[in-house]
4 protein chains.
Amino acid sequence: MPRTKKQFEDMRKSSKQKILDAAIVVFAKEGYHSSTVSAIAKKAGISQGLMYNYFKSKEKLLNELMIGMMESFMNDFMPIDPKQKFSRKDVVNFINLGVDLVLEDPKYWKLYFSVFLQPDVFAIVMDKIMEMVQPYFDALAAYFKEKGEKDPVVMMRYFSAVMDGIQLHCMIDPKTFPAEKVKKILIKQFA
Amino acid sequence: MPRTKKQFEDMRKSSKQKILDAAIVVFAKEGYHSSTVSAIAKKAGISQGLMYNYFKSKEKLLNELMIGMMESFMNDFMPIDPKQKFSRKDVVNFINLGVDLVLEDPKYWKLYFSVFLQPDVFAIVMDKIMEMVQPYFDALAAYFKEKGEKDPVVMMRYFSAVMDGIQLHCMIDPKTFPAEKVKKILIKQFA
Amino acid sequence: MPRTKKQFEDMRKSSKQKILDAAIVVFAKEGYHSSTVSAIAKKAGISQGLMYNYFKSKEKLLNELMIGMMESFMNDFMPIDPKQKFSRKDVVNFINLGVDLVLEDPKYWKLYFSVFLQPDVFAIVMDKIMEMVQPYFDALAAYFKEKGEKDPVVMMRYFSAVMDGIQLHCMIDPKTFPAEKVKKILIKQFA
Amino acid sequence: MPRTKKQFEDMRKSSKQKILDAAIVVFAKEGYHSSTVSAIAKKAGISQGLMYNYFKSKEKLLNELMIGMMESFMNDFMPIDPKQKFSRKDVVNFINLGVDLVLEDPKYWKLYFSVFLQPDVFAIVMDKIMEMVQPYFDALAAYFKEKGEKDPVVMMRYFSAVMDGIQLHCMIDPKTFPAEKVKKILIKQFA
DNA sequence: TATGAATGAGGATTCATTCAT
DNA sequence: AATGAATGAATCCTCATTCAT
């Protein structure tokens with residue numbers, strides 16, 4: 001039974017999604033500033049002009065992209081509602097996933113991190129991101145308190161800094177960084 | 001009567017330094033790509049053209065700047081020849097300085113870190129930096145071995161990742177990051 | 001509704017031709033180096049940026065322009081396939097046209113000649129031109145051989161040098177150069 | 001007997017001459033526009049600034065250079081006062097020298113010719129040159145008249161065009177142009 | 001919704017020329 | 001006479017964005 005044209009269309013990715021998919025690849029490879037709208041459009045298989053039907057500007061595209069990435073990362077990291085308390089298993093999971101996800105796709109993460117370090121780019125994205133991250137910080141602090149740490153907020157800050165450092169090194173040098181052994185150290189120390 | 005050789009040399013040195021000083025501020029504030037040569041020249045109080053007397057291109061300027069920063073950081077970090085073994089005191093020093101220096105000048109460090117995360121920018125600088133850093137890594141590994149760690153290279157990689165994570169968080173949020181307490185944790189764990 | 005393929009193609013063709021037409025005038029008048037892209041765009045009635053849609057650089061523009069000129073000259077000169085033998089009539093035609101075309105448009109020819117005399121400019125264009133010209137040289141040599149010259153290749157070289165000299169003088173001083181009388185001398189001597 | 005310092009100085013080329021010598025080499029190699037004052041100064045072994053003590057501008061330098069070249073060429077070509085009548089031997093000599101000099105130094109001649117073909121460059125030099133050349137044209141016309149040509153001025157124009165064509169080809173392709181055989185043809189035809 | 005030609009502002013870079021010594 | 005640092009105008013080129021269809 002042949003599909004109708006309409007159905008066929010629906011099966012394809014929407015143009016908007018094609019653009020986002022292309023943008024993440026291009027931004028990750030070239031960096032935000034060195035990526036051209038034309039390169040993104042080409043990769044997405046659409047015209048430059050069309051991009052402006054979906055995104056007001058290159059900046060807005062980055063913005064929407066980053067928020068999407070954040071959401072997806074958070075889903076991967078923490079399938080758990082941060083309003084609930086974290087169990088030990090959650091934290092072990094957090095550590096393992098935190099390392100593994102980066103190793104799977106160092107390039108995307110580089111994009112993600114680099115945004116925080118380029119003042120002009122960070123400004124595009126800051127507000128929304130901060131608001132998304134806070135609940136997870138709170139839940140972690142609660143976990144360390146539960147665990148009997150005498151300074152749980154400090155421990156949470158330390159832990160999240162350490163995780164970022166590990167992820168950074170995984171990104172920069174995914175080939176030689178001893179990720180498995182480091183995960184063990186982390187679990188022993190924090191979970 | 002022309003100026004003496006020495007006079008010319010002093011002029012060059014002073015102008016070049018003015019440019020480097022301006023560049024570090026502008027790059028750190030705007031990011032590499034968003035910084036314009038004209039803004040750097042203006043900040044340095046010289047003409048755009050003059051910059052090209054001292055640096056073949058904007059890229060070379062970044063390159064020389066980064067190498068200079070690296071050298072100066074290394075001097076601050078480790079007044080000790082990395083070919084000698086590190087003592088416990090050296091490592092304590094390393095930790096304290098590593099955090100304090102970032103807190104003193106978060107902007108410069110942001111530049112430093114951001115370079116590692118922008119593939120196109122990192123390429124400008126990679127070779128030389130890698131070569132400079134290696135001896136310090138070796139000395140750290142040797143220290144952990146001495147200390148009886150059973151996997152000193154892993155420990156060294158872990159330690160340097162952790163340090164970078166701490167520095168990253170100091171940079172992003174110097175006001176609320178509990179730097180002093182974190183230093184204590186680090187010293188207890190690694191030194 | 002987007003334009004059709006054909007519409008786009010027509011637009012491209014027309015814009016490209018506008019640029020080429022403008023470029024030949026400007027290059028001929030100012031010389032390659034003294035011609036600015038902005039002057040060419042202005043003359044063509046388009047924006048500077050658009051030029052780069054059609055030509056990767058000023059150099060490529062010259063290159064394509066010269067090749068186009070060559071082709072058109074060759075068509076005018078020799079409506080005959082150079083792989084066929086030249087008849088006496090062809091050579092008479094060659095001489096007459098060679099002089100007349102220059103007198104019609106001394107400026108274009110100045111551009112053409114000047115390219116051969118500026119090493120840096122010639123380099124832009126050399127390869128392609130040489131390859132286009134060779135068959136005509138061969139056909140001329142064959143003609144002189146047929147005619148019984150004992151050293152046809154030398155004669156061909158001599159003839160083409162003489163023609164260039166005549167054209168050069170027509171160009172530099174189209175008003176007082178005795179073109180008609182010189183044509184007669186040439187025909188008597190070479191055809 | 002040791003020379004005094006003064007004598008030593010005199011033995012060196014004057015700075016002005018050094019600049020002219022350097023300029024001819026650089027202009028010939030790079031073309032006028034692509035030659036930089038700094039490259040000329042470097043080749044001359046003096047500072048950029050000094051050039052402006054001797055020549056008001058790059059243009060003036062070209063101007064003086066070309067006039068010097070012209071004078072020297074004319075001396076080589078025609079050691080004879082053009083106010084005297086040319087003998088057959090003079091013309092033979094003219095032909096031989098005209099070809100040989102070009103073959104000795106094709107680069108310098110390219111510079112010389114190219115000036116005539118670049119409108120902006122030619123303007124720098126035109127007036128003086130024209131005035132120098134006229135007497136030789138007159139003497140040649142007189143020679144052809146003597147020789148019984150029925151249209152001696154046309155013959156003179158033709159001859160000088162032919163010579164320029166030959167020289168042009170010698171310049172462009174000094175290696176394969178059959179200069180010796182062509183000289184014989186020329187002598188037979190014109191002397 | 002979709003196209004890609006066209007725009008134009010802005011940026012890196014070069015280089016003749018000037019200037020202080 | 002000599003130096004070379006410093007200037008700044010000019011130029012090529014890029015690219016986000018708009019527009020006509």
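Just above, that's the structure.
Attention here is on the structure that accompanies the text.

Thresholds, definitions, all that
Residues numbered from 1 in each chain as written. Chains lettered and ligands numbered in written order. Predicted model: local features only at pLDDT ≥ 70, side-chain atom pairs only at ≥ 80, totals over all residues. Heavy atoms only, no water. Contact = heavy atoms within 4.5 Å. Buried area = accessible area lost by both parts, 1.4 Å probe. Salt bridge = Lys/Arg side-chain N within 4 Å of Asp/Glu carboxyl O. Polar contact = N/O pair within 3.5 Å; in protein donor to acceptor, adjacent residues only side chain to side chain. Helix = DSSP H or I, 4+ residues; strand = E, 2+ residues; numbered from the N terminus. Nonpolar A, V, L, I, M, F, W, Y, C, P; charged D, E, K, R; others polar. Phe/Tyr/Trp six-rings, centres within 6.5 Å; stacked < 30°, edge-to-face > 60°. Buried < 20%, exposed > 50% of the residue type's maximum accessible area, 1.4 Å probe, protein only.

This part is about the interface of chain A and chain B. Tallying the contact residues gives 39 residues for chain A and 39 residues for chain B. Taking both partners together, chain A and chain B bury about 3,200 Å²; carbon and sulfur atoms supply 68% of that area. When the area that chain A buries against chain B is broken down by residue, the three leading residues are L117, R157 and Y158 of chain A, summing to 22%. If you look at where chain A meets chain B, you find 4 salt bridges. Where chain A touches chain B, the interface holds 14 residue pairs in polar contact (both at pLDDT 80 or more). Looking at the side of chain A that touches chain B, the elements that each hand over two or more residues are α2 (15–30), α7 (106–117), α8 (119–146), α9 (152–172) and α10 (179–190) of chain A. Take the side of chain A that touches chain B: its biggest share by element is 14 residues, from α9 of chain A. Here the residues of the side of chain A that touches chain B are counted per class, giving 20 nonpolar, 10 polar and 9 charged.

Our next topic: the arrangement of the chains. At their nearest point, the C-alpha atoms of chain A and chain D are still 31 Å apart, with no contact between the two. Of all C-alpha pairs spanning chain B and chain D, none lies closer than 11 Å, and the two are not in contact.

A word on the interface of chain D and chain C. The interface of chain D with chain C comprises 39 residues on the first partner and 39 residues on the second. Across the interface of chain D and chain C, roughly 3,200 Å² is buried in total on both sides, 68% from carbon and sulfur atoms. When the buried surface of chain D facing chain C is broken down by residue, L117, R157 and Y158 of chain D rank first, second and third, together holding 22% of it. Across the chain D-chain C interface, the total number found is 4 salt bridges. K181 of chain D is the partner of D151 of chain C in a salt bridge, and the nearest nitrogen-oxygen pair spans 3.2 Å. Of all the secondary-structure elements, those providing two or more residues to the side of chain D that touches chain C are α2 (15–30), α7 (106–117), α8 (119–146), α9 (152–172) and α10 (179–190) of chain D.

Looking now at the packing of aromatic side chains. In this structure the tally under the stated criterion is 38 aromatic pairs over all chains. Ring centres of F159 of chain B and F190 of chain B lie 4.8 Å apart, and the angle between their planes is 50 degrees; on these two criteria the pair is classed as tilted. Here F159 of chain B, found in helix α8 (residues 152–172), pairs with F190 of chain B, found in helix α9 (residues 179–190); they are 31 residues apart in sequence, far enough to count as distant. Accessibility expressed as a relative area gives 0% for F159 of chain B, which makes it buried. Taking the centre distance of 4.2 Å and the plane angle of 15 degrees together, the rings of F73 of chain C and W109 of chain C count as stacked. In this pair, F73 of chain C sits in helix α4 (residues 58–77) while W109 of chain C sits in helix α6 (residues 106–117), placing the two residues 36 residues apart along the sequence. Overall, W109 of chain C belongs to the buried group, its relative accessible area being 3%. Put simply, the rings of F94, Y143, F144, Y158, F159 and F190 of chain A pair up and form one aromatic cluster.

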